[in-house]
Amino acid sequence: MIILKKLFITLFFLVCFHGQLIGATERKAAIASAHTLATYAGFEILQQGGNAFDAAVAVSAALAVVEPAGSGLGGGGFWLLHRASDGFETMIDGREKAPLAAHREMYLDKRGEVIKDLSINGALSAGIPGLPAALVHLSEQYGKLSLAQSLQPAIRYAQQGFVIGERHRKLLKFRLPVLMNNPQAASIFLDNNKVPNEKSVLQQTDLANTLKQLAQYGINGFYTGDVANKLINSVRKAGGIWTLQDLENYQIVERDPVIGEYNGIKITSAAPPSSGGIVLIEALNILSGYNLSKLDEITRKHIISEAMRRAYHDRAFYLGDSDFVDVPIYRLINQDYAAGLRTSIRLDKATPSDSLAGDVEQKSRGRNTTHFSIMDKEGNRVAATLSVNFPFGSAFVAEGTGVLLNDEMDDFVSKSGVMNGYGLVGGAANAIESGKRMLSSMTPTFIEDETRVAVLGTPGGSRIISMVLLAVLDFAEGEGPDYWLWTPRFHHQYIPDMIQYEEGGMTDEEILGLSRLGHKLKETLYRYGNMQAIQFNKKSKQLTVASDPRGEGLALVR
Ligand code: DON
């Protein structure tokens, strides 16, 4: 059955989508990103003598221009780095921070109820951006070229404009009423308050100027001076609470990645304030007690769902910004802890989520954010997942800057037990506090065994982690990037207590079998994720790359 399915996926891939994937080739450099122009920007910088870190600056900045729905200067992200010369690995945490004036009740009315959409739309929903500071740091600490050089392609795209794609138009439509509320955003992204026609050109002159300020003055070009003043004036005029001190105080943090091991495969992934690495490794630790490839498909999916259920349960309870709360990282990624959880899994029956300790609820959707993967000729690697949260963030552009602000404040818990925009709920560990970073699910990851090393990640809200998990399991079975990306996905996140699956992700037989075990199942309304992956074969020196067929990205080896 599994073999037949694999054959089907391979054929499906070859017949339908061969144009978008680039197969194995001799060792060169590889870039996979969510937009053709961002991938080209990265190669342009590599051709100028830059390394993977310079290319990461170029790709991040280009995405800020050509994929504004997903990430941008007004947002943040995590850049996982591997330096080939000495094996050094680190994660640049450029996650947004709550403004200093932020507090737990800021999205509640007088009766203590959450005011709908206040943490999602407009200036009050924006955290202090981290992306510009992260690019400066990445360039200065790890790059070979100047920041100004690496920002050039993005400046050019913003100045000259580019043709918008179908995905961009779809996401504009989704955020249309909110974008219309902000004259700056409407004048840049809309055409007389309507979604622009296909093949329209989007020019962003203000954004080009802001990028030039960053190129010329580095950190001061964004966090102090002219751009900073414009950001603060605009945000405060619209009811936001940012101050100049917030911008001046913002600092990226370099954090040790979270490391795990699954059947001889090394997993290197995102540390808090992302939940990604911990949830991923906890689930893999649980699964390492089974021989998944020997199980029938129903039992296999049952066990994987049970592992996801338990790891996501712990996400809701324990995880938050480790600079503010005590996150028990090493307990959660400990093999003995996983062994204990494994004993609670029954092969003949699903575990009801409400029988796990506590009653925190969460669910998710997700169509924005962005991920890119880079490996250069020397073997330097970057896996970066960047976000403004909702499509087009808060849909608020600060006047005269072209900078679209994030609405990442919604990743905090506005009120205990109340779901956020992605249906996520959490506890005190992720409560709003002045200067704290909101919990994320972004999971930029490296996976490595004796013969292969892979760089991957994806957007997709809380489903990010289960997507990366499924990719690791496929890697463990010897499959490559095309397979990880083309296989229909399934997901369990503790609450809602159900397995969600993409169209084609479950056979009728599996649905029946899993229902008999007590699982509730639901097909998702749309296919989710936009994974960008690279795999390097250490023996053959071949690079294989893939860009998710669900998106409009480009993966290239050159
Ligand atoms: O940091 C997070 O977990 C979210 N802000 C990511 C949102 C996301 O991936 C949306 N979707 N595709």
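Refer to the structure presented above.
Residues numbered from 1 in each chain as written. Predicted model: local features only at pLDDT ≥ 70, side-chain atom pairs only at ≥ 80, totals over all residues. Heavy atoms only, no water.

> Pulling in residues and values, what's your account of the overall build of the chain?
When helices and strands are counted, the chain shows 19 helices and 21 strands. Taking 2.2 N^0.38 as the reference for a compact globule, 558 residues should give roughly 24 Å; the C-alpha atoms of the chain span a radius of gyration of 22 Å, in line with that estimate. For the C-alpha atoms alone, the extent of the chain along its principal axes is close to 65 × 60 × 45 Å. Put simply, the chain has 558 residues, and 64% of those count as buried. (Helix = DSSP H or I, 4+ residues; strand = E, 2+ residues; numbered from the N terminus. Rg over C-alpha atoms; globule rule 2.2 N^0.38 Å. Buried < 20%, exposed > 50% of the residue type's maximum accessible area, 1.4 Å probe, protein only.)

> Now, about empty space enclosed by the protein: what can you tell me, with residues and values included?
All chains considered together, the criterion is met by five cavities of 30 Å³ or more. Each pocket or cavity is described by its volume, and for the second largest cavity that value is around 90 Å³. As for the second largest cavity, its lining consists of 13 residues, of which Arg315, Asp411, Val425, Asn430 and Leu439 are closest to the centre. The class makeup of the residues in the lining of the second largest cavity is seven nonpolar, four polar and two charged. (1 Å grid on protein atoms, 1.4 Å probe; cavity = no way out; pocket = protein on both sides within 12 Å on 5 of 7 lines; lining within 4 Å. Points joined across faces, edges and corners; volume = space filled by probe spheres on them. Nonpolar A, V, L, I, M, F, W, Y, C, P; charged D, E, K, R; others polar.)

> Summarise the site of the ligand; cite the residues concerned and give the values.
Lining the immediate environment of the ligand, one finds 17 residues, of which Thr369, Glu408, Asp411, Ser440 and Ser441 sit closest. The side chain of Asp411 places a nitrogen or oxygen atom 2.6 Å from a nitrogen atom of the ligand. Looking at the shell around the ligand residue by residue, the classes come out as four nonpolar, nine polar and four charged. (Near = heavy atom within 4 Å. Polar contact = N/O pair within 3.5 Å; in protein donor to acceptor, adjacent residues only side chain to side chain.)

> Break down the packing of aromatic side chains for me, with residues and values.
Considering all chains together, one arrives at six aromatic pairs under this definition. Arranged with centres 4.9 Å apart and planes meeting at 65°, the rings of Phe222 and Tyr223 form a pair that is edge-to-face. Take Phe222: its relative accessible area is 1%, and that puts it in the buried class. The interplanar angle of 15° and the centroid separation of 5.9 Å between the aromatic rings of Tyr223 and Tyr250 together place this pair among those described as stacked. Here the residue Tyr223 occupies a position in helix 10 (residues 220-223), and Tyr250 occupies one in the loop between helix 12 (244-249) and strand 7 (253-255), the gap between them amounting to 27 residues. Summarising the burial analysis for this pair, Tyr223 and Tyr250 share the class buried. (Phe/Tyr/Trp six-rings, centres within 6.5 Å; stacked < 30°, edge-to-face > 60°.)

> Which residues make up the pairing of strand 11 (residues 381-387), and what values go with them?
Most of strand 11 sits inside the fold, with seven of its seven residues counted as buried. Both faces of strand 11 are covered, namely the face carrying Arg381, Ala383, Thr385 and Ser387 and the face carrying Val382, Ala384 and Leu386. Looking at chain direction, strand 3 (residues 76-82) and strand 11 are connected through seven bridges and run antiparallel. When the sheet's bridge partners are listed, Gly76 is paired in strand 11 with Ser387. Examined bridge by bridge, strand 10 (residues 370-375) and strand 11 share six bridges and lie antiparallel to one another. Each bridged residue has a counterpart across the sheet, and for Ser373 the counterpart in strand 11 is Ala383. (Pairing = 2+ DSSP bridges.)

> Residue-level account of the sheet that holds strand 17 (residues 499-501), with values.
Sheet architecture is open: three strands sit in the order 16-17-18, paired in mixed fashion. Sheet topology places strand 16 (490-491) and strand 18 (521-523) at the edges, where each strand pairs with a single neighbour. Here two bridges tie strand 16 to strand 17, and the two strands are oriented antiparallel to one another. By the bridge assignment for strand 17, His491 is matched with Gln500.

> So what about the sheet that holds strand 10? Which residues, and what values?
An order of 7-4-3-11-10-2-21 is seen for the seven strands of this open sheet, with the pairing classed as antiparallel. Two strands close off the open sheet at either side, each with one partner strand: strand 7 and strand 21 (554-557). Along the sheet, successive strands turn relative to each other by an average axial angle of 10°, direction set aside. The strands that helix 2 (residues 36-47) touches are strand 2 (30-33) and strand 21; relative to strand 2, the one it contacts most, it runs at about 155°. (Axes fitted to C-alpha atoms, helices over the stretch in contact; angles between N-to-C directions. Contact = heavy atoms within 4.5 Å.)

> Can you tell me about the side chain of Asp474, naming the residues and giving the values?
Following the sequence through the fold, Asp474 ends up in helix 17 (residues 463-476). Within the buried core, Asp474 has no salt-bridge partner, and the shortest N-O distance to an opposite charge, that of Arg300, equals 4.3 Å. Apart from residues lying up to four places away in sequence, Asp474 is in contact with Arg300, Glu479, Tyr483, Trp484 and Thr487. (Lys, Arg positive; Asp, Glu negative; His and termini not counted. Salt bridge = Lys/Arg side-chain N within 4 Å of Asp/Glu carboxyl O.)

> An account of unusual backbone geometry is needed here, citing residue identities and associated values.
Each neighbour pair has its own omega, and for Pro272 with Pro273 the value is 15°, a cis peptide bond. By the secondary structure assignment, Pro273 is in the loop between strand 9 (265-269) and helix 13 (276-287). Residue Pro496 is bonded to the preceding Ile495 through a cis peptide linkage, with omega at 5°. We note that Lys199 has phi near 65°; this positive angle belongs to a residue other than glycine. Within the fold, Lys199 resides in the loop between helix 8 (183-189) and strand 6 (201-202). Positive phi outside glycine occurs at Lys541, with the angle close to 65°.

> Account for the environment of Asp323, naming residues and giving values.
With respect to the helices and strands, Asp323 occurs in the loop between helix 14 (297-318) and helix 15 (329-332). A C-alpha to C-alpha distance of 37 Å links Asp323 and Arg346, two positions 23 residues apart in sequence. Among the polar contacts listed, one links the side chain of Asp323 to the side chain of Arg255, at a separation of 2.8 Å.

> Can you tell me about the side chain of Asp93, naming the residues and giving the values?
As for its position among the elements, Asp93 is in strand 4 (residues 89-94). Asp93 gets classed as buried once you look at its relative accessible area, which sits at 0%. A distance of 3.2 Å separates polar atoms of two side chains, one belonging to Asp93 and the other to Arg437. Setting aside chain neighbours within four positions, we find Asp93 in contact with Gly77, Phe78, Tyr250, Ile252, Val253, Arg255, Pro273 and Arg437.

> Any chance you could break down the pairing of strand 4 for me, citing the residues and the numbers?
With six of six residues buried, strand 4 is to be regarded as a mostly interior element. Neither face of strand 4 is open: one carries Glu89, Met91 and Asp93, the other Thr90, Ile92 and Gly94, and all of them are buried. Summarising the sheet, strand 3 and strand 4 pair through six bridges and their orientation is antiparallel. Paired with Phe78 across the strands is Asp93, a residue of strand 4. Hairpin connection of strand 3 to strand 4: six residues between the antiparallel strands, including Gly87 at a positive phi of 75°. Pairing of strand 4 with strand 7 involves three bridges; the strand directions are antiparallel. In the strand pairing of strand 7, Met91 is matched with Arg255.

Scope: geometric values only; no functional claims are made or implied.
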